[in-house]
Amino acid sequence: MSDLLSTSAIWTMVVGILAGACCASVGCYLVLRRMSMLGDAISHSVLPGIAVAVLWSGEFGGWPSFVGALALGGLCTLLIELLHRQGGLSADSSMGVVFSGLFSLGVIIITREARRKHIDADCILFGLIEAVPLDTVPLAGMQIPRAVLTLGAVAILVTAVILLLWKEFKIVSFDAALASAMGLSASVVHYLLMTLVAIVAVACFEAVGSIVVVALFIVPPATAHLLTDRLGTMMALSIVVSAVAAVVGYILAAIFNTSVAGMIAVVCGMEFALAVILGPRHGILSKMYRQFSLSVRIAAEDYLGRLFREEEVLQGQRPAESVPTAPTAGVLIDRFARRYAKQAGWIAQQGESTVLTQPGRLRAEEVVQSHRLWQEFAGGNLSLPADHRHEAAHRLEHIISPALRDELAREIRSYDHGDDLPK
Amino acid sequence: MKSPMVHVHDVTVAYHRKPVLWNVDLVLDDPRLIGVLGPNGAGKSTLLKAILGLVPIASGTVEIGGKPLAKQRRLIGYVPQRESVDWEFPVTVLDVVLMGTYGRLGWFRRPGSKERAIAIQSLERVGLVDLAHQQIGQLSGGQQQRTFLARALAQDAALYFMDEPMAGVDAATERVIFGLLRELRAQGKMVVVVHHDLRTVPSYFDDVILLHRRLIAHGPVASTFTRENLRKCYGGNLAALEMAAEIVAASAPTK
Amino acid sequence: MDYNTAIVLAGVSILGLTAGSVGSFLVLRKRALAGDALAHASLPGLVGAFLLFERRELFILLAGALVSGLIGIAVVAILSRYTRIKEDASIGIVLSVFFGLGIVLSRFVQNRTTAGSKAGLDSFLLGKTAGIIAQDVLFIAVVAGFTLALLLLMFKEFKVVTFDQGFARAQGWPTVPLDFCLLALVAVNVMIGLPAVGVVLVAALLILPASAARFWTDRLGHMVLLSAMFGGGIGIVGTLLSANVSGLPAGPVIVLSGTVLLLFSMLASPRRGLLAKSWRDFWWARSIEQRCLLQEIYEETERAGGSPPTKADVVHRATESWALSRLVRAGWVELQEGRVRLTSSGLVRGQEVVLGSRLWQAYLEEYPDQAGPLADLSMESIDGILPVELVTHLQRLVREQGRWPALSMGEPT
């Protein structure tokens, strides 16, 4: 494990973190604008640009390949738009067509020249993050990897642009029509964003390869979107998620002696899976829990309602017997419902039978009243047929607030109703 | 001569060579509440979008205050249909309302305390100030609509275009919204509203625009919202016609 | 042509043929990128199968690929259905994470085994047609035969599911199983494409021929046939190119020839092609403009009791003055001292145009509810579109309203 703290290990992780930060922050807009696959398309399409630049300048990296890649990124965006808008292809087909065509072109150029120039197809797909510490530039008395400098510069650029255009990116992502109507041109902002995507894709390409660029563009923002409801927080969280992926991915790759880039993508996926399952508000578990507790509450209130109606019918002659379980709810939910009612102090055990306590009776009255109000409302205002009203009322009685109940009562006071409201 | 606020001159809009709006000629002026009415697919939303430059116009011109639209965008407030945005977008109610001030700020400038004050004030006017820091997805349909309205208020425009602000809101919200629209008119603003519910037309609007692919009638409610015009617009659809007759009859004595 | 090239050619053309036909449904169902996700998601299964069984038989590897590809697609469906993650992001997540996992696993293989077998797995990334042997072709042919048979057998069912899910469900078709069946066919075809074209580009083999075919026909049957032919064609062209020019990898060349075919179709197709369409759109707009202008001149003249309007009255925009010059060239109007005057043939023509427009107007006013979807105001004349009795009725109406265009030209004032 000691080599995890070596200079080269740390530099590699720094590159991973920087690449992640660039991709994840820009990726937030892609995910929110439902353009995730445009990130994928652009990061594949920059290849021929890089390839041509390599042929021309004779070396990988540097300004020529940056410019070439940027041009191709722009071309890709334009072509997709053209094929979709003018050509009448569906949006996803046009993306698929453009990126596979451009990517193929890139692969062909590279394979043809591979014997003369030292670049090959593998490093395009999953990059050479392991080789990052080998290519250094002296700076301030230290040997700093060139990738760190490039990515650092891009990270600064991305941060600057996002801060400067925070409001523009936000409004265009949320409501492009409004932005256009206000005179903040949505298409200018769109192309700015796509340029940023292309710049980031090119810069990260060399280090982590196109597939991991895609993973970093999409997975961390999607993970963050499951965890928060604020744009700023989402962006910060997605940067954290990608940084964790970079560090943990590197460590796991070192332990299992496998591809760092692939491992970064896998760790991103694991973080995403965790968020899907455990997310506090939108996670599957918490959704199931909320669903369950709602069912329990409804079952408990139904139970109260039945006890109450029983009491009404019996006119207090003797305490109500325990009513058979609800036909709708399951055994488990019923058991929890009874416990819920007992803990809330709504019911009490009196010898063999269950009776309503005073607070329980008040609550039951509310429930029954809501039910009848909804029934009336459904009949009068929604004109549901009589045999459908009960069911609708049955579901709605639990979601009514006191204020709404009063309003309903006012609303239907004019109608005559057979079933008198409890006083 | 003073140029009218909105001059739509012979506008035709076509999607895929199928005309949606045909040769519409409209002059709107003065602070009035104007309802745009017509059956489904009549081109009501398209008319709004054409005026706002959001759809390409096949032929004709639109002028705002005698100048082309591009120079006058700041005069215009727009409330799009509620379904047009993703309500799971990670922004708060206040953020959305603040967006109303973006047009005035222009490029690069960030909203400051002055804009926040405007946004809060707009939220107060629609009664949502307590929900300012909620995520928009947690609001009810009526509250979402009021958020959009607050955003339009924050725009502080001279004329407003609203695309079905009453769709899917409860009666209480509808009354609140119309209270606000009257307030806007009282401040000397023109408000153009795409509307669906014929029953409320006479009580809500000053003018109506009856539209069905082409302009059928435009003018004050009393003289334009007539049975004959409604028949021209909605056709032999009996239910609609009977209802229209009732409304016209009911509103006639008060006019 | 030597034996090896013939084998490869046979394999790739069969592959292209079926991929093209299945791809038609994928493209029409707007699932092109789902196919891409499926292809990428197959990598870990492919490598995993090798790790598990330590064998290199194509069948075993592709079975593994099929399993993980389908898992990937299922994850996409679950994510977009049960979480707030939208479909595009779900596709991106599955695509990149599964692919990353595949790379991680393939390094395990690389570490564990000798260099020779490593090269075998690597060829699945970008494809390697040269490695195709007679046995593989047989395998491809069997799968292809099965696919085509199923497509023929269930053509009607797939058609209805592809076109309109809701309708199909209402008609009692088992849409979910059918949809799954279609997706399984796609998956199987992606798998047999992997050895030749590779994980990264195989989806293009399904998308390209179908998208190109779409430009040439509006009928599903024709489209499937054409797409199959395109698929086989680009397979053959790509293989021959790569066999005869050194250093051209077959997979990318096949995809690139598909792209060229698509771009050509998009530009040159006579009905839906870009060139023909923009040409037609341009002249359509001009003819509408010309007609509107003629109508305006006619009506202005009518309003002024026969005296011609000035040019400034009717021409507001640059394109309108161009339209005016075309009217002049057609001999329908003449310019006299800044006034626009209808000629005698222009009067006849103008009357036609104005009458057509007023009949439409009357139709819309009289029957707005049915006219809504029916009325195409860009059509000049109402005859032939509406039934004869209706036209007679409308003509009477226009006459009764006194709106029948009957302008006679007075002497120039």
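Everything discussed here concerns the structure shown above.
Residues numbered from 1 in each chain as written. Chains lettered and ligands numbered in written order. Predicted model: local features only at pLDDT ≥ 70, side-chain atom pairs only at ≥ 80, totals over all residues. Heavy atoms only, no water.

(A) A look at the overall build of chain C. Assigned secondary structure in chain C consists of 18 helices and two strands. Over its C-alpha trace chain C gives a radius of gyration of 31 Å, far above what one expects of a compact globule, namely 22 Å for 413 residues. Projected onto the principal axes, the alpha-carbon positions of chain C cover approximately 100 × 50 × 40 Å. Of all intrachain contacts in chain C linking residues separated by at least 6 positions in sequence, the fraction that spans at least 24 positions is 70%. Counting every atom, chain C has about 17,900 Å² of accessible surface; 64% of that belongs to carbon and sulfur. (Helix = DSSP H or I, 4+ residues; strand = E, 2+ residues; numbered from the N terminus. Rg over C-alpha atoms; globule rule 2.2 N^0.38 Å. Contact = heavy atoms within 4.5 Å. Areas by Shrake-Rupley, 256 points an atom, 1.4 Å probe, with all protein chains shown as cover.)

(B) Region of interest: a nonpolar patch on the surface. Residue and element names in this part refer to chain A. Together, Leu 274, Ile 277, Leu 278, Ile 284, Leu 285 and Met 288 give the surface a local cluster of nonpolar side chains, amounting to about 570 Å² of exposed area. Taken together, the elements giving at least two residues each to the nonpolar patch come down to helix H11 (260-278) and helix H12 (284-314). Tracing the chain through its elements places Leu 278 in helix H11. Owing to a relative accessible area of 54%, Leu 278 belongs among the exposed residues under this scheme. (Patch = residues over 30% accessible without salt bridge, like charges linked within 9 Å, V, L, I, M, F, W, Y side chains within 5 Å. Salt bridge = Lys/Arg side-chain N within 4 Å of Asp/Glu carboxyl O. Buried < 20%, exposed > 50% of the residue type's maximum accessible area, 1.4 Å probe, protein only.)

(C) Up close: the environment of Arg 112 of chain A. Relative to the helices and strands, Arg 112 of chain A resides in helix H4 (residues 91-113). Dropping the residues within four chain positions of it, Arg 112 of chain A is found in contact with Val 245, Ser 246, Gly 247 and Leu 248 of chain C.

(D) Local environment of the sheet that holds strand S1 (residues 6-15) of chain B. Taken in spatial order, the four strands of this open sheet run S2-S1-S4-S5 (chain B), and their pairing is antiparallel. The sheet is open, and its two borders are formed by strand S2 (18-28) and strand S5 (67-68) of chain B, each paired with just one other strand. (Pairing = 2+ DSSP bridges.)

(E) Quick look at the interface of chain A and chain B. Of the residues lining the interface, 29 residues belong to chain A; the matching set on chain B comes to 31 residues. A buried area of about 2,800 Å², summed over both sides, lies between chain A and chain B, and 67% of it is on carbon and sulfur atoms. In this assembly, chain A and chain B are joined by four salt bridges. When the shortest N-O distance is used, the salt bridge between Arg 230 of chain A and Asp 95 of chain B registers 3.9 Å. Our count for the contact surface shared by chain A and chain B stands at nine residue pairs in polar contact (both at pLDDT 80 or more). The set of elements that each furnish at least two residues to the side of chain A that touches chain B consists of helix H6 (146-164), helix H7 (166-174), helix H8 (176-182), helix H9 (186-227) and helix H10 (231-256) of chain A. Here the residues of the side of chain A that touches chain B sort into 16 nonpolar, five polar and eight charged. (Buried area = accessible area lost by both parts, 1.4 Å probe. Polar contact = N/O pair within 3.5 Å; in protein donor to acceptor, adjacent residues only side chain to side chain. Nonpolar A, V, L, I, M, F, W, Y, C, P; charged D, E, K, R; others polar.)

(F) Local environment of the packing of H10 of chain A against H11 of chain A. Residue and element names in this part refer to chain A. Where H10 meets H11, the axes come as close as 7 Å, and the angle between the chain directions of the two elements is 125°. It follows that H10 is oblique to H11 by the angle criterion. Crossing hand, H10 versus H11: right-handed. Listed contacts from H11 to Val 241, Val 244, Ala 245, Ala 246, Val 248, Gly 249, Tyr 250, Leu 252, Ala 253 and Phe 256 of H10 are Val 260, Met 263, Ile 264, Val 267, Cys 268, Met 270 and Glu 271. Split into classes, the residues belonging to the contact of H10 with H11 amount to 15 nonpolar, one polar and one charged. (Axes fitted to C-alpha atoms, helices over the stretch in contact; angles between N-to-C directions. Parallel < 35°, antiparallel > 145°, perpendicular 65-115°, else oblique. Left-handed = near helix turned anticlockwise from the far one by under 90°.)

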